[in-house]
Amino acid sequence: MQANAIPQGVEIKGSSLNKVLMWLTRFVITITGMMVFFPVLNPGRISTLINENASLFTTAISYETITNQMAYPLRRGMVEPMNFYLLMAGAAIVVLGILLNCGGACMSLGNNRMKRVGLLLPMLGAAAIVGGLVLIHHAYTLLEAAAAASASAFKRIQPALPMGLQVFGVAAVLVFLTTLLAWLTLPKEREEKMEMDEKFRLFLLFLPVLLLTFIFCYLPIYGWRFAFFDYKIGDSLTMENFVGLKWFTYLFENEATRNDLIRVLRNTLIMSGLGIATSWLPIAFAVLLAEVRSSKFQRLVQTLTTIPNFISWVLVYAIAFAIFSTDGFVNSFLRNVMGVTGANTDYLASADWIWVKMLLWGTWKGLGWSAIVYIAGIAGIDQQLYEAAKVDGANRFQCIRHITIPGLMPTYMVMLLMSVAGMLSNGMDQYLVFENPINKSMIEVLDLYVYNIGIKSGLIPISTVVGVFKSLIGVTLLFGANGISKAVRGESII
Amino acid sequence: MSKKVRNHITRTPGDIIFDSLLYIFFGAFTLLCVFPFYYLLINTISNNDAVTAGHVNFYPIGLHLKNYIALKDVADLGSSVVVTIARTIIGTALMVIVSAWAGYLVTKQKMWKRSFMYRALVITMYFNAGLIPWYMNMLMLGLTNNFLAYIIPGMIAPYNIILVKTYIESIPASLEESAVIDGANTPTVFLKIILPLSVPILATISIFGAVGNWNSFQDSLLLMSSKPEMYTLQHRLYVYLNQSSNLAALVSGSGTLSQAQADNMLSSRVIKYTVSMVSIIPILLVYPFMQRFFVKGIMLGAVKG
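A. Inspection of the overall build of chain B at higher detail. Scanning chain B from terminus to terminus reveals 16 helices and zero strands. Counting only residues that meet the buried cut, chain B has 52% of its 305 residues in that class. When contacts within chain B are restricted to residue pairs at least 6 apart in sequence, those whose partners lie at least 24 apart make up 72%.

B. Focus on the layout of surface pockets. If you add up the space inside the second largest pocket, you get close to 1,600 Å³. Contributing to the lining of the second largest pocket are 44 residues, with Thr30(A), Met34(A), Cys102(A), Leu207(A) and Leu211(A) lying nearest its centre. Counting residues per element, the ones that place at least two in the lining of the second largest pocket are helix H1 (16–35), helix H2 (56–61), helix H5 (81–107) and helix H10 (198–218) of chain A together with helix H6 (114–126) of chain B. By residue number, the principal contributor to the lining of the second largest pocket is H10(A), which donates twelve residues.

C. Spotlight on the interface of chain B and chain A. Contacts between chain B and chain A engage 95 residues on the former and 103 residues on the latter. In total, about 9,500 Å² of surface goes out of reach between chain B and chain A, with carbon and sulfur atoms giving 76% of it. The three residues of chain B that bury the most area against chain A are Phe26(B), Trp112(B) and Met140(B), which together make up 8% of that side's buried surface. At the surface where chain B touches chain A, the tally comes to four salt bridges. Across the salt bridge formed by Arg396(A) and Asp19(B), the nearest N and O atoms sit 2.8 Å from each other. At the junction of chain B with chain A, the criterion picks out 22 residue pairs in polar contact (both at pLDDT 80 or more).

D. Structural context of a positive patch on the surface. Positive charge collects at one region of the surface, where Arg75(A), Arg76(A), Lys155(A) and Arg156(A) lie side by side. With respect to the helices and strands, the residue Arg156(A) is situated in helix H8 (residues 151–157).

E. The arrangement of the packing of aromatic side chains in detail. Scanning the entire structure with this criterion turns up 42 aromatic pairs over all chains. Ring plane angle 55 degrees and centroid distance 6.2 Å describe the contact between Trp369(A) and Phe208(B), whose orientation is recorded as tilted. You can see Trp369(A) sitting in helix H17 (residues 354–379) and its partner Phe208(B) sitting in helix H12 (residues 199–214), one on each of two chains. Where Phe25(B) meets Phe26(B), the ring centres are 5.0 Å apart and the plane angle is 70 degrees; that geometry is what we call edge-to-face. Of the residues examined, Phe26(B) reaches a relative accessible area of 0% and is grouped as buried. Ring pairing ties together the aromatic residues Phe321(A), Phe329(A), Phe333(A), Phe35(B), Tyr38(B), Tyr39(B), Phe58(B) and Tyr273(B), which thus form one cluster. Here Arg156(A) stacks its cationic end above the ring of Tyr72(A), 4.0 Å away from the centre of that ring. Note that Lys246(A) overlies the ring of Trp247(A), its terminal NZ or CZ placed 4.4 Å from the centroid.

F. The domain arrangement of chain B, seen in detail. Residue and element names in this part refer to chain B. Structurally, chain B comprises domain 1 (1–64) and domain 2 (65–305). Each partner contributes residues to the interface: domain 1 has 14 residues there, and domain 2 has 15 residues. Both faces combined, the contact of domain 1 with domain 2 buries some 1,200 Å², and carbon together with sulfur accounts for 62% of it. Inspection of the domain 1/domain 2 interface yields zero salt bridges. Remark: the boundary between domain 1 and domain 2 carries four residue pairs in polar contact (both at pLDDT 80 or more). At the level of elements, helix H2 (13–45) and helix H3 (48–53) are the ones that each hand at least two residues to the side of domain 1 that touches domain 2. The leading source of residues in the side of domain 1 that touches domain 2 is H2, at seven residues. Its residues assigned to classes, the side of domain 1 that touches domain 2 comprises six nonpolar, seven polar and one charged.

G. Seen up close, the confidence of the model for chain A. Looking at chain A as a whole, its pLDDT mean stands at 89, while 97% of the residues score no less than 70. Low confidence marks residues 1–10 of chain A, where pLDDT is under 50. Its contacts with residues over four positions away, or in another chain, come to seven contacts.

H. Molecular detail of the nonpolar core. Residue and element names in this part refer to chain A. Counting 168 residues, the largest nonpolar core has Phe 206, Trp 361 and Phe 434 as its most contacted members. Among the elements that make up this core, the one with the highest residue count is helix H15 (residues 313–324) (eleven residues). Setting aside chain neighbours within four positions, we find Trp 361 in contact with Trp 313, Val 316, Ile 319, Ala 320, Phe 324, Gln 430 and Phe 434.

I. Local environment of the packing of helix H19 (residues 396–421) of chain A against helix H23 (residues 460–489) of chain A. Residues and elements named next belong to chain A. At their nearest, the axes of H19 and H23 sit 8 Å apart, and the two run at 155 degrees to each other. Here H19 is positioned roughly antiparallel relative to H23, judged by the angle of their axes. Handedness of the H19/H23 crossing: right-handed. Contact residues: Pro 410, Met 413, Val 414, Leu 417, Met 418, Val 420 and Ala 421 in H19; Gly 474, Leu 477, Leu 478, Ala 481, Ser 485 and Arg 489 in H23.

Cut-offs applied
- Residues numbered from 1 in each chain as written.
- Chains lettered and ligands numbered in written order.
- Predicted model: local features only at pLDDT ≥ 70, side-chain atom pairs only at ≥ 80, totals over all residues.
- Heavy atoms only, no water.
- Helix = DSSP H or I, 4+ residues; strand = E, 2+ residues; numbered from the N terminus.
- Buried < 20%, exposed > 50% of the residue type's maximum accessible area, 1.4 Å probe, protein only.
- Contact = heavy atoms within 4.5 Å.
- 1 Å grid on protein atoms, 1.4 Å probe; cavity = no way out; pocket = protein on both sides within 12 Å on 5 of 7 lines; lining within 4 Å.
- Points joined across faces, edges and corners; volume = space filled by probe spheres on them.
- Buried area = accessible area lost by both parts, 1.4 Å probe.
- Salt bridge = Lys/Arg side-chain N within 4 Å of Asp/Glu carboxyl O.
- Polar contact = N/O pair within 3.5 Å; in protein donor to acceptor, adjacent residues only side chain to side chain.
- Patch = residues over 30% accessible without salt bridge, like charges linked within 9 Å, V, L, I, M, F, W, Y side chains within 5 Å.
- Areas by Shrake-Rupley, 256 points an atom, 1.4 Å probe, with all protein chains shown as cover.
- Lys, Arg positive; Asp, Glu negative; His and termini not counted.
- Charge placed at Lys NZ, Arg CZ, Asp CG, Glu CD.
- Phe/Tyr/Trp six-rings, centres within 6.5 Å; stacked < 30°, edge-to-face > 60°.
- Lys NZ or Arg CZ within 6 Å of the ring centre and 35° of its normal.
- Domains from an automatic or database assignment.
- Nonpolar A, V, L, I, M, F, W, Y, C, P; charged D, E, K, R; others polar.
- pLDDT = per-residue confidence, 0-100.
- Core = buried A, V, L, I, M, F, W, Y, C linked by side-chain atoms within 4.5 Å.
- Axes fitted to C-alpha atoms, helices over the stretch in contact; angles between N-to-C directions.
- Parallel < 35°, antiparallel > 145°, perpendicular 65-115°, else oblique.
- Left-handed = near helix turned anticlockwise from the far one by under 90°.

Here it is in structure tokens:
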């Protein structure tokens, strides 16, 4: 009766012990939740033949991934498909339990009444996790029994008790204990309705976005670990193939890779340098276009020169192929219209002037688009400035020199600093599509090099090392450029 | 525009020369941007023998559309078109929904740890772990050789979230406040008030998103290595362009050529051109709509979030 007498709007605070336990519960649940995505901790890897890159989550959703090395024993009837369905079901139940945990953790941000209900979920979840683990263990026992049939069956199945089974078991017990303690220490008074503070409600609504960002943008940083291991795709990371900083020193001490790196850096810096050296072109384009008297013509030029920006680099290459290949426009024009016999040069196969050619393709694709921001900038300049200058007797070149260009400078500085900061990232699409054996050594920029050695040649560790350096230098350059911008213009660019 | 002011000045001979040079320069550059597309087009609709002989340079000869019809027999092209259309529609729709929702929520000053989370989102535009770690991450998540790899990572587009946030901040706060007083909760306010008012910015990001999805090449190249039927159209075109063997042999049923087909033989060059046209045409179709939006999009981006 006393509890009902609490007037609405009065906040009921829990004891400080309860608060600590609450945070502990949420922490344990978060860690357990993340464990789902780490293949090392996958409790479902009940055979060494199950893909070591499969996490518990993958195990729960993809039959193909867990059985792709089991085709033979499955075909020969050494193991039943049922066995793997059992495994998947077990994994799915564990994932379900973890979802219950997370639901409970979310509800624990509410008022005491909501906490009291919400904390029941993780207790249920912990039970589900244990149940799922028992199922997985049962699948393992079945697999072991199948493997025991003969030596050849054992070789084909290779059952193994995954470490994840114990880890998840311990995690489930921890979740259960912390939740139970937090639940027991909840204050006795209760509110009328389940409610949650708005700040937490908004946070929870935003949480899915944050999780996606974490998984796809921050989790890859965990992939930097490959730089410290002797690793080929399909291997597993163990302390046996941990090599410390071997690849970092190898990159500089091995003559071949060092020369490669120097060559690739030269290409990268030349391409970026050419880009920066011509970064004034869009301004010139915009300023000159504004001088054209017919506004219809202006609009036509702006519309048509922007089109190339919206096609992919593959299509740019298709166009280059149509124009410059052996039977392309240039050659057939020379042969059939100009009467030059034997004009059949494949311009795409040569490495002459390749850097300038790449720059020209980039300009063809991007000039009209990059000019738009300056065209908009010119439209935003105060007309009174021009009128005043005209009264003072300025001609159109003086107007450009003293009004238009200074007006566009702040935008240009931002663009310039951004391109300096992105000096090492030329992107790989353009260079990949134009790459061929003849021009490879001249066209291979850093991004393409990483792709070529990492994906094509499968040298994961060394390409990761290059990537790590590139990321770190990139961030340093960005902060440097930002610092310059802050010091000079009093404004940051990021 | 500034030129209106200067129109009153009488033109000197120097001005006239300068103006003519401007017209010549811009005319030439515009032609340079448009001609390749025109050249591709006339080579796909002209008589294939004339194309092979190199006579189609400036105008089409012997119009026909058989090349486009013949594409239905080119191996693997159909599945690529379907996959690309599917990812363009689904991927763009999900990206727009997430961007709108996230962009709205980050305008909420009351949110717990708002600025921290917003920063965590924005940093990802400037920093990434690198290609190989990203690839290994996708491998770890089981998102290789899997259609979901085209959809899920693309849902988070920090730049678009910033655009939406900036736009929503310009909507008068009083509209939202009055709805809250009437008892609307956050999702209701979002659906009934914010969403209808943000249609212009959502249209902008959806068109850019659709073009990006249509042009996607890198994720297909990296992630679909053992599922050729899931290559995107651009990846498929890249494969064709690099195929030195006769592509025309890919056209199934080439064993029994009818007389009409034999007269108008498809060369692999023409197939390459025609597939290129097929991937360009949708871009050219949405281009007029896009044009309305991109100045707005760029200018909004210049206003920092």
